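Structural characterization, general
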Amino acid sequence: MDLDEVVKRTNLSYVEGREHVNETTSIYLMNGQLLGVRRESYAGYALRGYENGVLYFSSSKSLDYLKLVKVKADGWERLDDVQVNPGRYEVKQRRSFDSISLDEKVKFLKDVYLNLTKLDVKSKILNFNVNYLESVEEKRIVFHDGNEVRGRVPRVWIFFSIVMKYQDRTATVWSDEFGASGGLEWLDNWGIEEKLAEKIREVDHVLVKGKALKEGKYDVVLGPMLAGIMAHESVGHPFEADRVLGREAAQAGLSYLTYMKEGKVGSEAVTVIDDPTLPNSNGFFEIDDEGVRARPKYLIKKGEVNQLLHNRFSASKYNTKSNGSARAMSYNREPLIRMSNTFFQPGDMSLEELLADVKEGVYFKSYMEWNIDDLRLGERYVGLQAFEVRNGELGDPVLFPVLEGKTNELLSKVDGASNRLQFFAGVCGKGDPDQGVPVWMGGPDLRLRDVYLKVI
């Protein structure tokens, strides 16, 4: 019996059967030494169905054990009547993962380490960790109406974590800039060594020359890295409709929109988009796991709440249609409402033009840590590469300034966005059992007026 037959035999008003395969290879290095290589394969089947308010789910490595058992219960779910969009999508690789050997990949990562440890900096590099991951995710989803969706997405991701120390000052430098769908062509495109060298030099400058900030109100310019984490954590997660409804709270809490519902959450300069269709993005897909075609979703448009991320079930609760946001991490997880690539829309100014109108302020290029509360309302960021701004010019480095406040208050302070859009790779956590799915988060530089900054 094949998956199609299992779906046909499942007597529910809505049924989807999914064959889901994840193949991964990971390489770990510490201080230039190879710690290990791990190859993993997760392959199996999932069956999900709906009827009379009850949602059923089963998963197994074998089709023989894939079966839904009806229960008599008062259900909570409702299902929209969107038609399944059949089709195929695939991300092509210009350089396949096997175009170079495992030894060559390890050598490449070791060379990056060796060259960066030769940089002329005053800080000592105490620890240098590298995690390289290449993966291929394949899905075949069969629906109750006989339609089928197939997807194949290879991804490559390199995460760096570097601990630097100068006298009694220590900082952890990390980079999520290097993650995308595609092949090893990204190793040529990213300019990894050059970008990390710039980051190490600037953090060294902060550790050696950084001065403490006097607490108070300043104009602040956030770089794309901070804009990205803010878009993901403070807009993306709370705009997941299942959080607003209270169905889902694991890993990332609930949502301030449960109480605010609609209206203005930011200035007219704030527009936030989630778009799975960005070519070669980390969160790329064209059809979601419920057979709904993916498209850009404008979560916030000119400061106003515009739309939530929906699957078939939350959409019905809101008397709307799914916007194609359902995704599962692996065969043994149900599709949940997930972000894909979430970002602030760029403006029409250069970074220099944004800075030019700042008399006294701080530019946060990157952050060392962030925190957010369970309603995604209170948020906090500690700057890493941070510099004072005086009369429109970048000045001395600032030692670990702290930006914190409520999401709606901070977004209301935004009065301009630069025209450069930059993305950062991440793994978005949600669900219980947990599900980590690949995403991009990003944005331009954002200027905020008159916000309170603290110090550690």
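Structural notes, computed from the coordinates. (Residues numbered from 1 in each chain as written. Predicted model: local features only at pLDDT ≥ 70, side-chain atom pairs only at ≥ 80, totals over all residues. Heavy atoms only, no water.)

**Things to note about the overall build of the protein**
To keep it simple, the criterion reads: Numbered from the N terminus, helices here are DSSP runs of H or I no shorter than four residues, and strands are runs of E no shorter than two. What the globule rule says is 2.2 Å times the number of residues to the power 0.38, and the radius of gyration is computed from C-alpha atoms. Buried, partly exposed and exposed residues are distinguished by accessible area as a fraction of the type maximum, computed with a 1.4 Å probe on protein chains only: under 20%, between the cut-offs, and over 50%, respectively. We call two residues in contact when some of their heavy atoms are within 4.5 Å. With residues, only the protein chains shown are counted as cover, and all accessible areas are computed by Shrake-Rupley using a 1.4 Å probe. The positive count covers Lys and Arg only, the negative count covers Asp and Glu only, and His and the chain ends enter neither. Working definition for charges: the position is that of NZ of Lys, CZ of Arg, CG of Asp or CD of Glu.
From N to C terminus, the protein includes ten helices and 24 strands. For the protein, whose C-alpha radius of gyration is 23 Å, the value lies close to the compact-globule estimate of 23 Å for 456 residues. For the protein, the spread of C-alpha atoms along the three principal axes comes to 70 × 55 × 35 Å. The proportion of buried residues among the 456 residues of the protein is 57%. Within the protein, contacts between residues at least 6 apart in sequence are counted, and of these 73% link residues at least 24 apart. When the accessible surface of the protein is totalled, it reaches about 19400 Å², and 46% of it is carbon and sulfur. Considering the protein, the positive charge centre built from 62 side chains and the negative charge centre built from 69 side chains are found 1 Å apart.

**A word on the sheet that holds strand β14 (residues 341–344)**
To be explicit about the condition: At least two DSSP bridges between two strands are needed for those strands to be called paired. Working convention: axes come from line fits to C-alpha atoms, limited for helices to the stretch in contact. Angles between N-to-C directions cover 0 to 180 degrees.
Ordered by their spatial adjacency, six strands build an open sheet running β11-β10-β9-β14-β23-β22, and the pairing between neighbours is mixed. Bordering the open sheet on either side are β11 (304–305) and β22 (422–430), each of which pairs with just one other strand. Helix-sheet contacts for helix α5 (residues 224–236) involve β9 (272–274), β10 (297–301), β14, β22 and β23 (435–443), and the interaxial angle to β23 is about 130°.

**A closer look at the packing of aromatic side chains**
This is how the line gets drawn: Any two rings among Phe, Tyr and Trp, with Trp reduced to its six-membered ring, count as a pair given centres within 6.5 Å; such a pair is stacked if its planes are under 30 degrees apart, edge-to-face if over 60, and tilted if neither. In this scheme, Lys NZ or Arg CZ marks a charge over a ring once it lies within 6 Å of the ring centre and within 35 degrees of the ring normal.
Inspection of every chain in the model, using the stated rule, returns eleven aromatic pairs. Considering the side-chain rings of tryptophan 157 and phenylalanine 159, the 5.8 Å spacing of their centres and the 25° angle between planes classify their relative orientation as stacked. According to the relative accessible area criterion, tryptophan 157 is buried, its value standing at 18%. Judged by its relative accessible area of 23%, phenylalanine 159 is partly exposed. Taking 5.1 Å as the distance between ring centres and 75° as the angle between the ring planes, the aromatic pair formed by tryptophan 174 and tyrosine 367 counts as edge-to-face. Here tyrosine 367 lies in strand β16 (residues 367–372) and tryptophan 174 lies in strand β7 (residues 169–181), a separation of 193 residues in the sequence. Members of the aromatic cluster, each reached through a chain of ring pairs, are Tyr113, Phe128, Phe160, Phe178, Trp186 and Trp190. Stacked on the ring of tyrosine 298, the Lys or Arg lysine 301 has its end atom at 5.0 Å from the ring centre. One cation-aromatic arrangement involves lysine 317 over tryptophan 76; the distance from NZ or CZ to the ring centre is 3.9 Å.

**Describing unusual backbone geometry**
The omega angle of the peptide bond from aspartate 432 to proline 433 is 10°, so this bond is cis rather than trans. Relative to the helices and strands, proline 433 resides in the loop between β22 and β23. For asparagine 391, which is not glycine, the phi dihedral falls at a positive 50°. Relative to the helices and strands, asparagine 391 resides in the loop between β18 (386–390) and β19 (393–397). Note on asparagine 391: relative accessible area 59%, which makes it exposed. Although it is not a glycine, phenylalanine 400 adopts a positive phi angle of roughly 50°. If you trace the backbone, phenylalanine 400 turns up in the loop between β19 and β20 (401–406). Assessed through its relative accessible area of 12%, phenylalanine 400 is described here as buried.

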